[in-house]
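Single-letter residue listing:
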Amino acid sequence: MSEGYSHLRDTARYQATTLIGGWYEERELRRSILKDLLAKKTTGTLRLDAYHQKMATALAEVELTKVADDGYVHFGDVIQLVHLETAATLACDIGDRDIRPGEEACAATAAPEVRSPCARNTFILLKYKPPKLSPFESYYEDDVLRYGQKIRLAANPMATGQPLDSQAGPRPLCLFSKPVSTTHYAKYCRNQLVGFTFRNTADTVWQVVTPEPEHRVVSEGVEVLAGAPILLMHMATQKPLLVEQQKYPNDFGFELELSARAHTSQGLKLAMEQTAKGLLKGSMPKPENSGNVFTLITGTKVERLPEPMQGSDGGLLAELASELDSKPGAVSLLERKLVMHGNQASELATDELLLLLRQVGSGMPDLEVAALAAQFATHKPGVMDSGAFLKAFRAATGRA
């Protein structure tokens, strides 16, 4: 008999109604376990309930839409990014996140099994607007995607439990990549990291180019057709998106890992052909192999996504800053409370924001406070980024 039950070795000489050993403690332990199980089942905090909720949110059906029926890809289209060689679709996994402080990131994979449009494998193209326009770069006012144009690829906000709009939610979850370092690298292949992040940095900027290097200069400014082969080039590192052959296990099964690097041939391809054309051997860059080639898939339904809700452009934050500026000491008091109540990862429960605002004397309505907290929501339900909120609040009050 296992350890902990040695007092039951001689139970054969007792009747079934006889209580021996630590019977009272064991009975209370079983009761407490049962009560804890029933409490978690009632509140929906069981691990199985959380898993079912995650699957229901991530695999919710989504219809691909497009802005215009002209055959081109547009900003604001609900699209899929499909790898041509493996037919795997780009997908995000909100639950597989980076728990380090300040790293608001989650995993990006290529899903070979689930190809039908759902919340986790559909995306919205966002136009990148640089802080300062350069005379050497072209900026297009229309909503048609062109080769050489800088973009941000945002995940469907339905994957985080938010409504779908043309700006991918108040805080878009965008595809990003970072150079290989001791702290950032792909989980299994150890190449350049690719994932999704809420942080609005230069790491989320990509460029759509043609697979043929000799056509990239002349193709700049040309509209991108839906279904045409493309390369997604990371602007900060000039490395194209790649689907590795490494398996990536997660809650959805075994998927393929993503990285950012050029997958080219080891030999000198077409060296004699280039020499016959009068080109020096090696003067032309090698074309990337099929591992780097993707395509953008759009739907058949022509529909514009709804615009973001009113107040998501900073109006509520400016209103709050103006209200607290009129109360002596309220601004500095709220800043101290945000620092004290936030954890090491700069996370704060959305319900606590209302309590903090009431403590500093704010009379903002509850619905507006909830909308303000939603602008800084993280991938965790009911949790907001207190660090980003504090930074934006200081900018609104002129204290940044």
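Everything below is about the structure printed above this text.
Owing to the predicted nature of the structure, the values given are computational and were not obtained by experimental measurement.

K.L.:
Would you mind going over the nonpolar core with me for this structure?
P.N.:
Proteins that are soluble and globular tend to have nonpolar side chains buried together. Counting residues in hydrophobic clusters, the biggest one holds 47 residues, and the most contacted among them are L175 and F196. Residues L316, V331, M364 and A373 belong to the second largest nonpolar core, which totals 24 residues.

K.L.:
Before we go on, may I ask you to explain empty space enclosed by the protein in this structure?
P.N.:
In this approach, a probe sized like a water molecule rolls over the atoms, and the result shows the empty space that is left. Under the criterion given, the structure shown has one cavity of 30 Å³ or more. Considering only enclosed or pocket space, the largest cavity measures out at about 40 Å³ in volume. In terms of lining residues, the largest cavity is bounded by A155, N156, P157, T160, Q162, A168, R171, P172, L173 and F198. The residue inventory of the lining of the largest cavity, partitioned by class, reads six nonpolar, three polar and one charged.

K.L.:
Before we go on, may I ask you to explain the pattern of salt bridges in this structure?
P.N.:
Tallied over the entire structure, the rule returns 19 salt bridges. K301 serves as the salt-bridge partner of E63, at 3.7 Å between the closest nitrogen and oxygen. Taken as a pair, E63 in the loop between α2 (47-58) and β1 (65-66) and K301 in strand β14 (residues 301-302) lie far apart in primary sequence, 238 residues in all. The exposure class assigned to E63 is partly exposed, which follows from its relative accessible area of 49%.

K.L.:
Explain the packing of aromatic side chains to me, please; I cannot follow it from the model alone.
P.N.:
How two aromatic rings sit relative to each other is given by the distance of their centres and the angle of their planes. For the structure shown, the criterion picks out five aromatic pairs. Between W23 and Y24, the ring centres sit 5.9 Å apart and the planes meet at 90 degrees, which makes this aromatic pair edge-to-face. With a relative accessible area of 32%, W23 lands in the partly exposed category. A centroid spacing of 5.4 Å and a plane angle of 85 degrees characterise the contact between F376 and F389, whose relative ring orientation is edge-to-face. In this pair, F376 sits in the loop between α7 (366-375) and β16 (383-385) while F389 sits in helix α8 (residues 386-397), placing the two residues 13 residues apart along the sequence. You'll find F376 and F389 in the same group, each marked buried.

K.L.:
I would appreciate a short explanation of a nonpolar patch on the surface in the present structure.
P.N.:
On the surface, L34, L37 and L38 cluster together into a nonpolar patch covering about 280 Å² of accessible area. Along the polypeptide, L37 turns up in helix α1 (residues 23-43). Overall, L37 belongs to the partly exposed group, its relative accessible area being 44%.

Criteria and thresholds
- Residues numbered from 1 in each chain as written.
- Predicted model: local features only at pLDDT ≥ 70, side-chain atom pairs only at ≥ 80, totals over all residues.
- Heavy atoms only, no water.
- Core = buried A, V, L, I, M, F, W, Y, C linked by side-chain atoms within 4.5 Å.
- Buried < 20%, exposed > 50% of the residue type's maximum accessible area, 1.4 Å probe, protein only.
- 1 Å grid on protein atoms, 1.4 Å probe; cavity = no way out; pocket = protein on both sides within 12 Å on 5 of 7 lines; lining within 4 Å.
- Points joined across faces, edges and corners; volume = space filled by probe spheres on them.
- Nonpolar A, V, L, I, M, F, W, Y, C, P; charged D, E, K, R; others polar.
- Salt bridge = Lys/Arg side-chain N within 4 Å of Asp/Glu carboxyl O.
- Helix = DSSP H or I, 4+ residues; strand = E, 2+ residues; numbered from the N terminus.
- Phe/Tyr/Trp six-rings, centres within 6.5 Å; stacked < 30°, edge-to-face > 60°.
- Patch = residues over 30% accessible without salt bridge, like charges linked within 9 Å, V, L, I, M, F, W, Y side chains within 5 Å.
- Areas by Shrake-Rupley, 256 points an atom, 1.4 Å probe, with all protein chains shown as cover.

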